[in-house]
Amino acid sequence: MPSPLEIIFGRNPKAISINRGPYVMEMADGENAEITMYGEIVERHPKHWWTGEPLEGDFIVQDEFLRDLENLSGAKTLTIRMHSIGGDAGVSILIHNRLRDLSAKGTALTCIVDGVAMSGGSLIMCACDNVEINPSSLVMIHKAAISIWDSCNADDLRKHASALDAWDKAQVSIYKRKAPGLSDMTISNMMTKTTYMTGTEAVEKGFADKLLEDAAPLDIAASADGRSLFVRGRQFHLTPGMFAPDAIPTVTTEAAALVEANKNQPAQTGGQNGGNTMAKPLEELRAENPALAEALMAEAKAAVSASGAAALTPAPTADPAPQSNGGEDLAQVERKRIQEIDALAGLFDAETIHAAKYGDHPCTAQEMVYQAAQKASRQGGTFLAALEADAAASGVQAVGAANGAGSDGAGVPDSPQAVVAQAQADAKAFNERKREVR
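Residues numbered from 1 in each chain as written. Predicted model: local features only at pLDDT ≥ 70, side-chain atom pairs only at ≥ 80, totals over all residues. Heavy atoms only, no water.

1. Things to note about the overall build of the chain
Test applied: Helix and strand definitions here come from DSSP, where helices need a minimum of 4 consecutive H or I residues and strands a minimum of 2 consecutive E residues; each element is numbered from the N-terminal end. Residue burial is assigned from relative accessible area. The probe radius is 1.4 Å, only protein chains are included, and a residue is buried under 20% of its type maximum, exposed over 50%, and partly exposed in between. When checking whether two residues touch, look at their non-hydrogen atoms; a contact exists if any pair is within 4.5 Å. Each accessible area value is a Shrake-Rupley result obtained with a 1.4 Å probe; residue values ignore everything except the protein chains displayed when judging cover.
Scanning the chain for helices and strands turns up 14 helices and 15 strands. Counting the 438 residues in the chain, one finds 39% classified as buried. Put simply, of all contacts in the chain between residues at least 6 apart along the chain, 65% involve residues at least 24 apart. Counting only carbon and sulfur atoms, one obtains 53% of the accessible surface of the chain, whose full area is about 23,100 Å².

2. Here we look at the environment of Glu132
The test is simple: Under the rule applied, a polar contact is a pair of N or O atoms within 3.5 Å (in protein, one hydrogen donor and one hydrogen acceptor; residues adjacent in sequence only if both atoms are side-chain atoms).
Tracing the backbone through its elements, the reader meets Glu132 in strand β8 (residues 130–133). Put simply, Glu132 and Val113 are 19 residues apart on the chain and 6.4 Å apart in space, counted from C-alpha to C-alpha. With near-sequence residues (within four places) excluded, Glu132 lies in contact with Thr110, Cys111, Ile112, Val113, Lys210 and Leu212. Polar side-chain contacts of Glu132 include one of 3.2 Å to the side chain of Asn130.

3. Examining the state of the cysteines
Applicable threshold: Two cysteine sulfur atoms make up a disulfide if the distance between them is within 2.5 Å.
Summed over all chains, the structure comprises zero disulfides. For Cys128, which is in no disulfide, the shortest distance to another cysteine sulfur is to Cys111 and amounts to 4.9 Å.

4. Digging into the packing of helix α2 (residues 62–69) against helix α3 (residues 89–104)
The criterion, for reference: For helices, the fitted axis covers only the stretch in contact; all axes are lines through C-alpha atoms, and the angles between them, taken along N-to-C directions, range from 0 to 180 degrees. In what follows, roughly perpendicular refers to angles from 65 to 115 degrees, roughly parallel to angles under 35, roughly antiparallel to angles over 145, and oblique to any angle outside these ranges.
Two numbers describe how α2 lies on α3: the axes approach to 11 Å, and their chain directions differ by 5°. It follows from the interaxial angle that α2 and α3 lie roughly parallel. In this structure, α2 uses Gln62, Phe65, Leu66 and Leu69 to contact α3, whose residues at the interface are Val91, Leu94, Ile95, Arg98, Leu99 and Leu102.

5. Considerations on the packing of aromatic side chains
Operational definition: Two aromatic rings, drawn from Phe, Tyr or Trp (for Trp, its six-membered ring), form a pair once their centres lie within 6.5 Å of each other, and the interplanar angle then sorts them: stacked below 30 degrees, edge-to-face above 60, tilted otherwise.
In total, this model carries three aromatic pairs according to the counting rule given. Aromatic pair Tyr23 and Phe65: ring centres 5.0 Å apart, planes at 75°, arrangement edge-to-face. Placement of the pair is Tyr23 in strand β2 (residues 23–27) and Phe65 in helix α2, with a sequence separation of 42 residues. When sorted by exposure, Tyr23 lands in the same class as Phe65, which is buried. Look at Tyr175 and Phe207: their rings are 5.7 Å apart centre to centre, the planes differ by 65°, and that puts the pair in the edge-to-face class.

6. Thoughts on the pattern of salt bridges
Threshold: By definition here, a salt bridge exists when the distance from a side-chain nitrogen of Lys or Arg to a carboxyl oxygen of Asp or Glu is within 4 Å.
Applying the stated criterion across every chain, the model contains eleven salt bridges. In this structure, Lys76 and Glu31 form a salt bridge, with 3.9 Å as the shortest nitrogen-oxygen distance. Here Lys76 is found in the loop between α2 and β6 (77–84), whereas its partner Glu31 is found in the loop between β2 and β3 (32–38), with 45 residues between them in sequence. Lys105 serves as the salt-bridge partner of Asp101, at 3.3 Å between the closest nitrogen and oxygen.

7. Considering the environment of Met185
Summarising the element assignment, Met185 is placed in helix α6 (residues 184–192). For Met185, a relative accessible area of 58% gives the class exposed.

8. A short note on the confidence of the model for the chain
Condition: Think of pLDDT as the predictor's per-residue confidence, scored from 0 to 100.
Confidence in the prediction for the chain averages 75 pLDDT; 57% of positions are at 70 or higher. Across residues 252–280 the pLDDT falls below 50, and counting only partners more than four positions away or on other chains, this stretch makes 57 contacts in the model. Note that pLDDT drops below 50 for residues 306–328; the model gives that stretch 30 contacts with residues more than four away or on any other chain.

9. Structural notes on helix α5 (residues 154–178)
Cut-off, in case you're wondering: Working rule for helices: expected span equals 1.5 Å times residues minus one.
Relative to the 36 Å expected for 25 residues at 1.5 Å per residue, α5 spans 36 Å between its end C-alpha atoms, a close match to the ideal helical length. For α5, the full list of buried residues reads Leu164, Asp168, Gln171, Val172, Ile174, Tyr175 and Lys178. Lining the buried residues of α5 we find α3, α4 (120–125), β8, β9 (138–141) and α6. The N-capping residue of α5, defined by a side-chain oxygen 3.0 Å from the backbone nitrogen of Asp155, is Asn153.

10. Concerning the pairing of β3
So the rule is basically this: Here the rule is simple: two strands pair whenever DSSP picks up at least two bridges between them.
Alternating residues of β3 divide into Ala33, Ile35 and Met37, all buried, and Asn32, Glu34, Thr36 and Tyr38, none buried. Relative to β3, β2 is paired through five bridges, and the arrangement is antiparallel. Counted as the bridge partner of Met25 is Ile35 from β3. Two elements, β3 and β6, share seven bridges in a ladder whose sense is parallel.

11. Quick notes on the packing of α3 against α5
How we decide: In a left-handed crossing the near helix is turned counterclockwise from the far helix by less than a right angle, and in a right-handed crossing that turn is clockwise. Each residue is assigned to one class: nonpolar for Ala, Val, Leu, Ile, Met, Phe, Trp, Tyr, Cys and Pro, charged for Asp, Glu, Lys and Arg, and polar for all the others, Gly among them.
Interaxial distance between α3 and α5 falls to 12 Å at its minimum, and their mutual angle equals 35°. Regarding α3 and α5, the two cross each other, and that crossing is left-handed. Across the interface between the two elements, Ala89, Gly90, Ile93, His96 and Arg100 of α3 pack against Trp167, Ala170, Gln171, Ile174 and Arg177 of α5. Looking at side-chain class alone, the contact of α3 with α5 contains five nonpolar, three polar and two charged residues.

12. Brief notes about unusual backbone geometry
With phi around 55°, Ser119 is a residue other than glycine that occupies positive phi space. One can find Ser119 in the loop between β7 (108–118) and α4. In this model, Thr194 sits at a positive phi of 50°, which is unusual for a non-glycine residue. Tracing the sequence through the fold places Thr194 in the loop between α6 and β10 (195–198).

Structure, rendered in structure tokens:
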């Protein structure tokens, strides 16, 4: 039987195929559409705070996604294949509401949880009237959270708390519509505890409607520190402060490898122009310049203390004493290392944090701060040298002050030091303005 579009236009409707990488939208017959969502949900594509370059990652961007979703507005059925650790709560709620609008206009919505539907991903999942889930998939719900790097008094903190209460109520209403058998209080308590559910548990509680009994087992494990999930060979980093449940198997061999790599971290060379210190592992610097090493360590400890983390302890410099527990101490060391680095997540860009935790040369929080200070010193020295060279070549020093400007500096170009200071102030202001609810 021909579709209404075929009757009107006398031809097949135009096929829709949109591939953005983290998500794909397809509709071949004008009636049955499918969206594959495998990524993190964000308002805009994250950029490196210093270079301004887009960060690598699977990001489902708000405006892009909603614009593409308009192309599926005439579909009779829409199937969403979900694998997402979530992301921005506001964007997730917005996508949820747009999907509910499609449902109100007659589109039958189905979500198939291929991997995980966590945080904002679970909100989007709950927009669908029919949710099918693998037995080994995970659904996770939690309360909204924000990162605050600012000076706040009690009134300011109460305002933030009040706003977060409103976000939580909005999320409860979404979960309650999907799981009407649970009370608001029960759902709120589940969110407070950051509840993880397997496919079977999600069906039992009403968050999912059908268990895919014949589905292939989901290959999922947690890192030794509990801060990452490995799903079908892909690593997903959880939001700072969030840990994988104990029921998920732990990849202990990875933890041992990371600790071993930390002990044998090779030196990194840096520029020596302008008297910059050459990058070295912390132990080498202690032997060569104890005063500088202790000064850098003091700054690192102060940064961690200001962030509210526990006191830092030196990185292991020798093999730990053999234990009968078969490596449990290594896992504890690794978990502490990651937690101390996460405590500084708001002070450094995501690339620095990720490299310190999982890069080719993992390091402790102290060494991360030390290396970041060296990097900033090298960048600043190179930048100042370039500015001074440009100024010398231009002959600007021979130009007199305009309008009789005197020693107060009026009319004189900013010094290289002032330019660097302004850039640092701009970067700090940008970080302080960032308020993302997750």
